[in-house]
Amino acid sequence: MKSGKKKDATPRPSVAIVGGGLAGLAAAEALSRSGMLVTLFESRRYLGGRAGSFRDENTGQLFDHCQHVAMGCCTNFLDFCEQTGVAKLFRCDRKLRFIDAKGKVYPFAPIESLPAPLHLAPAFWRQSYLTMSERIGIGTALRRMAKLTDQQAEHLLVGPWLREQKQSSGVISRFWEIILVSALGDSIEKTSLAAARKVMIDGFLAHHHSADVHVPSAPLGEIYEEGIARCLFDRGVRIEMESPVDEVFRKSVGGGFSVSVKDEETLQFDNVVLAIPGRRVKAVLAPRLFEKVPDLARVDQFNHAPITGVHLWYPEPITDLPHAVLLDRTSQWIFAHGETKSPHDGQTPAYYYQVVISASHNLPSGDHAAIIATVTKELAELWPAAATPLFARVITQRAAVFSAAPGLEDIRPPQATPITGLFLAGDWTKTGWPATMEGAIRSGRLAAEALCRRYGRNEQLVTPELSHSWLCRKLFY
Ligand SMILES: Cc1cc2nc3c(=O)[nH]c(=O)nc-3n(C[C@H](O)[C@H](O)[C@H](O)COP(=O)(O)OP(=O)(O)OC[C@H]3O[C@@H](n4cnc5c(N)ncnc54)[C@H](O)[C@@H]3O)c2cc1C
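Residues numbered from 1 in each chain as written. Predicted model: local features only at pLDDT ≥ 70, side-chain atom pairs only at ≥ 80, totals over all residues. Heavy atoms only, no water.

## Considerations on the state of the cysteines
- By the definition in use, this model includes zero disulfides.
- Take cysteine 66: it sits in no disulfide, and the sulfur closest to it among the cysteines is that of cysteine 74, at 16 Å.
- With relative accessibility at 9%, the residue cysteine 66 sits in the buried group.
- Considering cysteine sulfurs only, cysteine 74 is the nearest to cysteine 81, which forms no disulfide, with 9.9 Å between them. (Disulfide = S-S within 2.5 Å. Buried < 20%, exposed > 50% of the residue type's maximum accessible area, 1.4 Å probe, protein only.)

## Quick look at helix 12 (residues 368-382)
- Under the 1.5 Å per step criterion, the end-to-end length of helix 12 is 22 Å for 15 residues, consistent within 8% with the ideal 21 Å.
- Those residues of helix 12 not exposed but buried are Ile371, Ile372, Val375, Thr376, Glu378, Leu379, Ala380 and Leu382. (Helix = DSSP H or I, 4+ residues; strand = E, 2+ residues; numbered from the N terminus. Expected span 1.5 Å × (residues − 1).)

## Looking at the UniProt feature "domain: Amine oxidase" (unreviewed entry) in the protein chain
- This chain's UniProt record puts "domain: Amine oxidase" (unreviewed entry) on residues 22-451.
- Helix and strand shares over residues 22-451 are 33% and 23% respectively, and the end C-alpha atoms of the span are 18 Å apart. (UniProt positions renumbered as here; feature names shortened; annotations may be inferred.)

## Some words on the sheet that holds strand 10 (residues 238-240)
- If you walk across this open sheet you meet the five strands as 10-2-1-14-20, and the pairing is parallel. Of all the strands in the sheet, the pair left with one neighbour each is strand 10 and strand 20 (422-424). Each strand axis lies, on average, 20° off the axis of its neighbour in the sheet, ignoring direction.
- Of the pairings in the sheet, the one linking strand 2 (residues 37-41) to strand 10 comprises three bridges and is parallel in character. Counterpart to threonine 39 in the pairing with strand 10 is arginine 238. (Pairing = 2+ DSSP bridges. Axes fitted to C-alpha atoms, helices over the stretch in contact; angles between N-to-C directions.)

## Things to note about the pattern of salt bridges
- Counted by the stated rule, this structure contains 21 salt bridges.
- For arginine 235, the salt bridge identified is with glutamate 29, shortest N-O distance 3.0 Å. Highlighted residues: arginine 235 in the loop between helix 9 (220-234) and strand 10 and glutamate 29 in helix 1 (residues 22-33), separated in sequence by 206 residues.
- Classification of glutamate 29 as buried rests on a relative accessible area of 0%.
- One salt bridge in this structure joins aspartate 427 and arginine 50, with 3.0 Å as the shortest N-O distance. Placement of aspartate 427 in the loop between strand 20 and helix 14 (437-454) and of arginine 50 in the loop between strand 2 and strand 3 (53-55) is noted, with a sequence separation of 377 residues between them.
- Bridged by salt links that share partners, the residues Lys198, Asp202, Glu438, Arg442 and Glu465 form one connected network. (Salt bridge = Lys/Arg side-chain N within 4 Å of Asp/Glu carboxyl O.)

## As for unusual backbone geometry
- Residue proline 117 is reached from alanine 116 by a cis peptide bond, and omega for that bond is 5°.
- As for its placement among the helices and strands, proline 117 is situated in the loop between strand 8 (105-108) and helix 3 (121-125).
- One non-glycine residue, lysine 262, lies in positive phi territory at about 50°.
- Mapped onto the elements, lysine 262 comes out in the loop between strand 12 (257-261) and strand 13 (265-269).
- When its relative accessible area of 36% is taken as the criterion, lysine 262 is described as partly exposed.

## Looking at the pairing of strand 1 (residues 14-18)
- Among the five residues that make up strand 1, five are buried, leaving the element largely enclosed by the rest of the structure.
- Along strand 1, one buried face is formed by Ser14, Ala16 and Val18 and the opposite face, lined by Val15 and Ile17, is buried too.
- Where strand 1 meets strand 2, five bridges bridge the pair, whose relative direction is parallel. For alanine 16, the partnering residue across the bridge sits in strand 2 and is threonine 39.
- Crossover connection from strand 1 via helix 1 to parallel strand 2: handedness right-handed.
- When strand 1 meets strand 14 (residues 271-274), the two strands line up parallel, connected through four bridges. Of the residues in strand 14, the one forming a bridge with alanine 16 is valine 272. (Right-handed = clockwise from strand over helix to strand, strands pointing away.)

This is the structure in structure tokens:
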């Protein structure tokens, strides 16, 4: 448990934030900036939720459950890192690297002197694993995609639409899927064109910095403990760890909320922000409150997709690339994390890598040896030393992200509810973003804005998106 103090004579509205994932942390940060009296309850021992770390028993080192990466278009995530003083713990890389099956590396970096989206055109033309006519076809499809209305794009599936646009299976797998599956976390046969458009336009083409890659240079758990929790503590936020909230209820209509924690104590608050996964809300919110928020009944309709992280430790570096996108393979991304100790004995120095496989529906569930064999074989075809890791570990999160299915935007609930003082946050709420750290932070800030409005305060806590360049608007809209 951590608690901070802040001197203040005037009574301040109290807020219970349930859930210490990024949405809850963002709500806490924004509300503490707005002078609210904030208590955050997290059921686990660690902050960060799905974007969290675990401590290895042998080495005592923190490792992330799965690699997390933000892009330049994630304006709220990047601002949150600035506000909490942890931006220095991320490194920004403007260059992506694609590697084909034969091991040829294709750098993909913007040209500073060209306006967006032309800043990526030279890099795109150098991706010679696509033929000239395939690259022209991609440009045409991107323009058609941009010109659809929001309603049309929201109700179309990406895969069938791409085939209608005469995109070949090779182009689909080597261009569209490689970007969209890792950005949206699910297959293009299940995700909407609106979500795909957001990735392609806002995430790459709109602005010079949209596609910058921000990679944590420390385990996320360390970033929360050392940076974010400390910042919140200094702002007077009380953080209660290992404190699962069993029930949120109200004794009288219009009164405050009772929050029952660990079946042990019940605390009173003027407001509650539920920043837990959508499918958990029904178990926590008292039935009489739940039925007053009709949007919540539809959360059962959300589908989820798995992401698998394969963690590998080697006696020597296998490549000097910091990260790379792998074409034509089961393994999608690889990230290098430098020297650590191998968890097999907690002592042997080892070079640590993570391979990420999004939408890992088809991996042999539970057969970690088979997954490790597939991934190390693929890596060894590029870098022979990758055949024999000192140690390997597979972590699959089954409900890693919600599937951005057609029509989902129509049923994502807003952060303000019909119940005065009750707010929702979480990547699954209405943010306009897929399930990402940006979506989670944005939801926490939107909940905080709605809560401030309850007290007549119109605070701007959400950071605007990167503006689209004039040329992008002209070409695509
Ligand atoms: C494997 C994987 C890889 C990913 N990669 C990326 C990436 O590269 N880039 C990116 O932007 N996004 C990525 N994401 C998505 C990103 O992690 C999520 O969108 C984001 O972390 C969701 O945050 P959240 O706060 O909404 O939810 P959560 O992280 O699920 O947080 C909810 C919190 O509530 C707590 N809780 C639940 N019930 C209770 C209760 N009763 N009482 C108290 N606490 C409770 C939970 O313990 C948890 O800490 C990835 C996700 C996964 C799983």
